[in-house]
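Residue strings, one per chain:
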Amino acid sequence: MKKTLIVLSLLLTVKAYGQQKSIVSISKTDNQSSIIAKAANVVSSPRQLRWQTLELTAFFHFGINTFTDREWGDGKEDISKFNPKLLDAEQWVKTIKAAGFKQAIITAKHHDGFCLWPSKFTTHSIKNTPYKNGKGDIVKEVADACRKYNIGFGIYLSPWDRNNPSYGSDAYNTYFVNQLSELLTQYGKVDEVWFDGANGEGPNGKKQVYDFDTWYTLIRKLQPQAVIAVQGPDVRWVGTETGVGRETEWSVLPMAEQSQEKIAALSQKEVNVIPTLSGSYKDQDRGSRSKLVNATGLVWYPAETDVSIRPGWFYHTNEDAKVKTPKRLMEVYFTSVGRNGVLLLNIPPNTDGLIAESDVRNLAAFGQKMRSTFSNNIAKMATLSAISGKNTKALFDGKLNTYFTTLGKDTTTKIELNWSKDVTFNILSLQENIAIGQRIEKFEAEYFDGKQWINFSSGTTVGYKRLLKFNAVTTKKVRFKILSSRLNPTLAEFGLYLLDEKD
Ligand code: FUL
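Positions within a chain are numbered from 1, following the residues in the order the chain's sequence is written. This being a predicted model, a pLDDT of at least 70 is required before a residue's local features are given, and a value of 80 or more before pairs of side-chain atoms are given or counted; all residues contribute to the totals for chains, interfaces and linings. As a rule here, side-chain values come from all non-hydrogen atoms in the structure, and water together with hydrogens is ignored.

Undergrad: Hey, could you go over the site of the ligand for me, with residue numbers and the actual values?
TA: The cutoff for a nearby residue is simple: one of its non-hydrogen atoms must lie within 4 Å of the molecule or strand. The environment of the ligand is made up of eleven residues, and the closest members are His-61, Trp-72, His-110, His-111 and Asp-196. Between the ligand and Tyr-156, the relevant distance is 3.4 Å, taken from an oxygen atom to a side-chain nitrogen or oxygen of the residue. At a separation of 2.6 Å, an oxygen atom of the ligand approaches a polar side-chain atom of Asp-196. In these tables, accessible area is a Shrake-Rupley quantity obtained with a 1.4 Å probe, and a residue counts as shielded only by the protein chains included in the view. Burial of the ligand by the protein chains amounts to 97% of its free accessible area of 290 Å². In the scheme used here, Gly and all other residues not listed as nonpolar or charged are polar, with Ala, Val, Leu, Ile, Met, Phe, Trp, Tyr, Cys and Pro taken as nonpolar and Asp, Glu, Lys and Arg as charged. For the shell around the ligand, a count of residues per class yields four nonpolar, four polar and three charged. Counted as a polar contact is a pair of N or O atoms within 3.5 Å, where, for protein atoms, one must be capable of donating a hydrogen and the other of accepting one, and residues adjacent in sequence contribute only when both atoms are in side chains.

Undergrad: Residue-level account of the sheet that holds strand S10 (residues 303-308), with values.
TA: The pairing criterion for strands is at least two bridges between them, as found by DSSP. Per the convention used, a helix needs a DSSP run of H or I reaching at least four residues, while a strand needs a run of E reaching at least two, with both numbered from the N terminus. Strand order across the open sheet formed by eight strands is S6-S5-S4-S3-S2-S11-S10-S7, with parallel pairing between neighbours. The open sheet has two free edges, formed respectively by strand S6 (227-230) and strand S7 (236-237), since each of these has just one partner strand. Two strands pair when backbone bridges link them, and strand S3 (residues 103-109) and strand S4 (residues 152-157) are joined in this way by six bridges, in the parallel orientation. If you follow Ala-104 over to S4, its bridge partner there is Phe-153. Of the strands in this sheet, strand S2 (56-60) and S3 touch helix H5 (residues 89-98), which is tilted by about 155° from S2. In this description, contact between two residues means that some pair of their heavy atoms is separated by no more than 4.5 Å. To define axes, lines are fitted to C-alpha atoms, for helices over the stretch in contact only, and angles between the resulting N-to-C directions are given on a 0 to 180 degree scale.

Undergrad: Help me get a handle on the domain arrangement of the chain, residues and values and all.
TA: The domain boundaries assigned to the chain delineate domain 1 (23-374) and domain 2 (378-497). Where each domain starts and ends follows an automatic or database-derived domain assignment. Computed over C-alpha atoms only, the centres of domain 1 and domain 2 are separated by 33 Å. Facing 30 residues of domain 1, the contacting portion of domain 2 comprises 24 residues. Buried area counts how much accessible surface, traced with a 1.4 Å probe, disappears from two parts once they are put together, with both parts' losses summed. Roughly 2,300 Å² is buried in total at the junction of domain 1 and domain 2, and carbon and sulfur atoms are behind 58% of that figure. It is Ala-40, Trp-250 and Phe-334 that lose the most area in domain 1 upon contact with domain 2, and together they represent 26% of the buried surface on that side. Whenever a carboxyl oxygen of Asp or Glu lies within 4 Å of a side-chain nitrogen of Lys or Arg, that contact is scored as a salt bridge. One can count three salt bridges joining domain 1 with domain 2.

Undergrad: Can you tell me about the nonpolar core, naming the residues and giving the values?
TA: Residues belong to one nonpolar core when they are buried, are Ala, Val, Leu, Ile, Met, Phe, Trp, Tyr or Cys, and are joined through side-chain atoms within 4.5 Å. Summary of the burial criterion: residues with accessible area below 20% of their type's maximum are buried, those above 50% are exposed, and those between are partly exposed, where the area comes from a 1.4 Å probe applied to protein chains only. With 91 residues, the main nonpolar core has Phe-82, Ile-138 and Phe-153 as its most contacted residues. Here this core takes seven residues from helix H7 (residues 170-185), the largest share from any one element. Split by domain, this core shows at least three residues from each of two domains, domain 1 (23-374) and domain 2 (378-497). In this structure Phe-82 touches Phe-62, Gly-63, Ile-64, Phe-67, Phe-114, Leu-116, Ile-126, Thr-129, Pro-130, Tyr-131 and Ile-138, once residues within four positions along its chain are discounted. In terms of nonpolar packing, the next biggest core, distinct from the first, is built from 28 residues, Leu-395, Ile-415, Val-423 and Ile-440 among them.

Undergrad: Which residues make up the side chain of Asn-488, and what are the values?
TA: By secondary structure assignment, the location of Asn-488 is in the loop between strand S17 (466-485) and strand S18 (490-491). Only 2.9 Å separates the side chain of Asn-488 from the side chain of Thr-405, close enough to count as a polar contact. Residues contacting Asn-488, with those up to four places away along its chain left out, are Thr-405, Thr-406, Gly-408, Lys-409, Asp-410, Thr-411 and Arg-439.

Undergrad: Outline unusual backbone geometry, supporting the account with residue identities and numerical values.
TA: In the Ramachandran plot, Asn-150 falls in the positive-phi region, its phi being about 55° despite a non-glycine side chain. Relative to the elements of secondary structure, Asn-150 occurs in the loop between helix H6 (138-148) and S4. Non-glycine residue Asn-391 carries a positive phi angle of around 75°. Locating Asn-391 in the fold gives a position in the loop between strand S12 (383-385) and strand S13 (404-405).

Undergrad: Pulling in residues and values, what's your account of the sheet that holds strand S9 (residues 297-300)?
TA: Reading across the sheet, the three strands line up as S1-S9-S8 and stay open at both edges, with antiparallel pairing between neighbours. On the outer flanks of this sheet lie strand S1 (23-25) and strand S8 (252-254), each paired with one strand and no other. Averaged over all pairs of adjacent strands, the angle between their axes in this sheet comes to 20°, without regard to strand direction. Here three bridges tie S8 to S9, and the two strands are oriented antiparallel to one another.

Undergrad: Please provide a residue-by-residue account of the packing of H5 against helix H12 (residues 357-374), values included.
TA: One way to put it is that H5 packs onto H12 with a least axis distance of 8 Å and a crossing angle of 30°. Considering the angle they form, H5 stands roughly parallel to H12. Of the residues in H12, those touching H5 at Gln-91, Thr-95 and Ala-98 are Val-360, Leu-363, Gly-367 and Arg-371. The cut-offs work like this: below 35 degrees is roughly parallel, past 145 is roughly antiparallel, 65 to 115 is roughly perpendicular, and the gaps in between are oblique.

Undergrad: Any chance you could break down the pattern of salt bridges for me, citing the residues and the numbers?
TA: Per the counting criterion, the structure on display carries 30 salt bridges. Across the pair Glu-247 and Arg-466 runs a salt bridge, and its minimum N-O distance is 3.7 Å. Placement of the pair is Glu-247 in the loop between S7 and S8 and Arg-466 in strand S17, with a sequence separation of 219 residues. A salt bridge links Arg-361 to Glu-357; the shortest N-O distance between them is 3.7 Å. Within this pair, Arg-361 and its partner Glu-357 are both found in helix H12, separated by four residues, close to a single helical turn. Here the salt bridges do not stand alone but share partners, grouping Glu-444, Glu-446, Arg-479 and Lys-481 into one network.

Undergrad: Pulling in residues and values, what's your account of the pairing of S10?
TA: Taken across its six residues, S10 has six buried, putting it largely inside the fold. Side chains Ala-303, Thr-305 and Val-307 of S10 all project onto a buried face; the interleaved residues Glu-304, Asp-306 and Ser-308 project onto the opposite face, where all are buried too. When S7 meets S10, the two strands line up parallel, connected through two bridges. Paired with Arg-236 across the strands is Ala-303, a residue of S10. Of the strand pairs in this sheet, S10 and strand S11 (residues 341-346) are connected by six bridges, and their pairing is parallel. Its bridge partner lying in S11, Val-307 is registered against Leu-345. Where the polypeptide runs from S10 across helix H11 (residues 326-336) and back to S11, its parallel neighbour, the crossover connection is right-handed. When the strands point away from the viewer, a crossover counts as right-handed if the path from the first strand over the helix to the second runs clockwise.

This is the structure:
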């Protein structure tokens, strides 16, 4: 009998998980609470989940702009200037790896149309430059280096092409698909394909109507594990190029947010944007209850937060003194990964074909700072009491698929942490088990000062990771409360850390 029950409950669990999809539809009979219940069950696809847990991904903006000292080339550049004599893609990859980055994207073709690989379909490529006497292939050099150092490999292929004469006609869609096919078949596994949203005029003054469906079908066929980013269905642009994501960041959004028109409208469009900290978003919040009520369906559509380590996307000597410091990079980590996003940090190689010394140094120090900060979870040493929930062990086991949750269907919970001696920390780190959905809507943390409980941090969404920084707290007692959740909350990891704020 017991056995039958176990089998039955396993079947029910399988069925429940079977219902979890990265897209769900909403019918006319759904009401607010059934919509929220559905939202809590939308999950990432395996490719999205892999991408999200990478946390740190890198962009290498490199091309003819590196040699003309420009941000946006017009496609008329003299490509005989392109000759990075000391190019060493392994140096690029080793630099990012030392800083903890897990994936890199190379600008195979930027808006100027110049190709870093010897494409058969244009003369405007590396094969007609002095680099390695026309025998070079930088996409291959980067792909090989990534493979050697076990770093994911991605390609950036700008749909906007200011060089190709067919831009603005159907023939350009064929040209683009041919180039995409080359990139997807000649360089081994591709983990991310990044389509820039900038869409201006081509050499003939015409705009292009892009054939997104053909691109997506081709990628799914040739590289099914690759996430398609920004102008794509898997990964959404957060909305600024500042490295600052939203404090309330849901990965589950109304389906309409993923429509091609919406993606195109919201993708990057400004000319030569200099990222600033005050960049604005179209919306402060795209997935809370009020945004979901009128949705016709729901999708898992997580945010990628991009920014450059320098003011520009391409290398400029006069920006050598403006490289983000380790402290600043840490702040960017907090406002991107720590706000339920993936960081896409651009590190542009210079005209020698190397990452400049200043960038290498700052990235190494950032990696060091990350390791020293997050290697010591102060919460792990606490005794837990006054808990309303189960499986507290999971909170500190470093695994995302084991989690603390409430008893029954409770959507609120409380944990108290006690230390025998004073402890000091200035960071709270939370992670949900997003493999089964994003649920937490409101939380707060308090410490006991000997007389009363004092709030030191509070917030809304958690998702893959939420990091909060506050003035250092010294105490023997902390209380953490989940005040609202779409379903029983899951807390996969809980951390308190002490960040050394010196540069
Ligand atoms: C923008 C482009 O216009 C910039 O040059 C850069 O590539 C950035 C990542 O995306 O839309």
